[in-house]
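Chain by chain, the residues:
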Amino acid sequence: MGFSQALSGLNAASSNLNVVSNNIANSQTVGFKSSTTQFADVYASSRVGLGVQVAGVVQNFTSGNLETTDRSLDLAISGSGFFRFEQAGQVVYSRNGQLTLTPEGYLQNAQGARLLGSNGAIQIPADGLQAQPTTEFDATLNLDSGSDVITAAFDATDENTYSYANTATVFDSLGNSHELTLYFTKTGTNEWAVNAALDGAVSASAAQALEFTTSGLLDGYTPTSFDFAMTNGAADISFELDLTGSTQFGNDFEVSSLDQDGYTAGSLVGFTIEENGNVVGNYSNEQSLVVGQIQLATFRSPEGLQPVGDNAWVETAASGQPLVGTAGSGQFGSLESGVVEASNVDLTKELVNLIIAQRNFQANAQSVSTQSEVLEQAVNLGR
């Protein structure tokens, strides 16, 4: 008579209790993944088993519920993937996206691990956005086909020498704003000329010619450039005027769109994180610029990842090497800002598992006690 079966049951039940207890302890840990104990029976040459052993502890990587925090630096992955962090010179993987911004501009978690992007650790630059001179000017408008043909030479100071004028703002290389006026003159049937003036000074560039079909659409149009000499220390302004999509119908003059690519200098006032992982800086000049991109990782066998604590895992031979990519593409989940992923522990289920594990432990303990009593009786009979 041996005690090996009951002792193996006690050891296995004890291991199971540890796993269940760890799940319960981390039921409120953001990004935590529960585990399950797997058992296997033990046999030698005889038909009577030698007990049980723990075959392994399998991690459950199903997603937890997403909970709103309204904190912009709380991130969660909706779908598959892991955040990549650099911690103590090692790349670790996590589902916990609770981040803070360091004085140096790095995004890091509570353990000091820095969030990684496509170019290493993500750092939000503190520098402002320098001015951008206008190099492209796009406008779409309707020119009134009923306008009279004007044969007089163009003169910006004489409204009788043009059919319609419209003003907009452009910027020089120092970020100074200037008033741009476009003058449209009907020069013939379905023919127009466009002149431009900056702060009242007419461009020396040739007027842009426009021709329209009998249907009122531009015919054979090619955008041209306007140049203006600057005297305020900025570089000369030169931009391409693109009027693609403009029409000549029997309606009033009307501008339907107006856009130019210049802007004044601006300072960083905040940043947002988009679903694809782009970290977008927002500046005081109402401009936005992508300053970094969060990249996610997936594994062929995430169950093979080795937990190292602090809500993190490291890759192993069993997990395979990470596949790194952009959030929201392929098999990678999208990013959600202002939310966190709760632990996937089902507390009710774990409490039931705890009762079962406890009964299993007690039953094996009873088996040891019973075998001890039987052995004692056998010894007494032999006296």
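Draft legend 1. Looking closely at a nonpolar patch on the surface. Nonpolar side chains collect at one region of the surface, where Phe39, Val54 and Val57 lie side by side and expose about 230 Å² of accessible area between them. Within the fold, Val54 resides in strand 2 (residues 51-59).

Draft legend 2. Region of interest: the side chain of Asp242. By the secondary structure assignment, Asp242 is in strand 19 (residues 237-242). Buried charge without a salt bridge: Asp242, with Lys186 as the nearest opposite-charge side chain at an N-O distance of 21 Å. In terms of polar contacts, Asp242 uses its side chain to reach the side chain of Thr244, at 2.5 Å.

Draft legend 3. View of empty space enclosed by the protein. Counted by the stated rule, this structure contains 1 cavity of 30 Å³ or more. What the largest cavity holds in volume is close to 30 Å³. Every residue lining the largest cavity is listed: Ala139, Leu141, Asn166, Leu182, Phe184, Val255 and Leu258. Contributions of two or more residues to the lining of the largest cavity are made by strand 12 (136-142), strand 14 (177-188) and strand 20 (254-260). The residue inventory of the lining of the largest cavity, partitioned by class, reads 6 nonpolar, 1 polar and no charged.

Draft legend 4. Layout of the environment of Thr231. For Thr231, the position within the fold is in the loop between strand 18 (224-228) and strand 19. C-alpha separation for the pair Thr231 and Phe137, spaced 94 residues apart in sequence, amounts to 22 Å.

Conventions and cut-offs
Residues numbered from 1 in each chain as written. Predicted model: local features only at pLDDT ≥ 70, side-chain atom pairs only at ≥ 80, totals over all residues. Heavy atoms only, no water. Patch = residues over 30% accessible without salt bridge, like charges linked within 9 Å, V, L, I, M, F, W, Y side chains within 5 Å. Areas by Shrake-Rupley, 256 points an atom, 1.4 Å probe, with all protein chains shown as cover. Salt bridge = Lys/Arg side-chain N within 4 Å of Asp/Glu carboxyl O. Helix = DSSP H or I, 4+ residues; strand = E, 2+ residues; numbered from the N terminus. Buried < 20%, exposed > 50% of the residue type's maximum accessible area, 1.4 Å probe, protein only. Lys, Arg positive; Asp, Glu negative; His and termini not counted. Polar contact = N/O pair within 3.5 Å; in protein donor to acceptor, adjacent residues only side chain to side chain. 1 Å grid on protein atoms, 1.4 Å probe; cavity = no way out; pocket = protein on both sides within 12 Å on 5 of 7 lines; lining within 4 Å. Points joined across faces, edges and corners; volume = space filled by probe spheres on them. Nonpolar A, V, L, I, M, F, W, Y, C, P; charged D, E, K, R; others polar.

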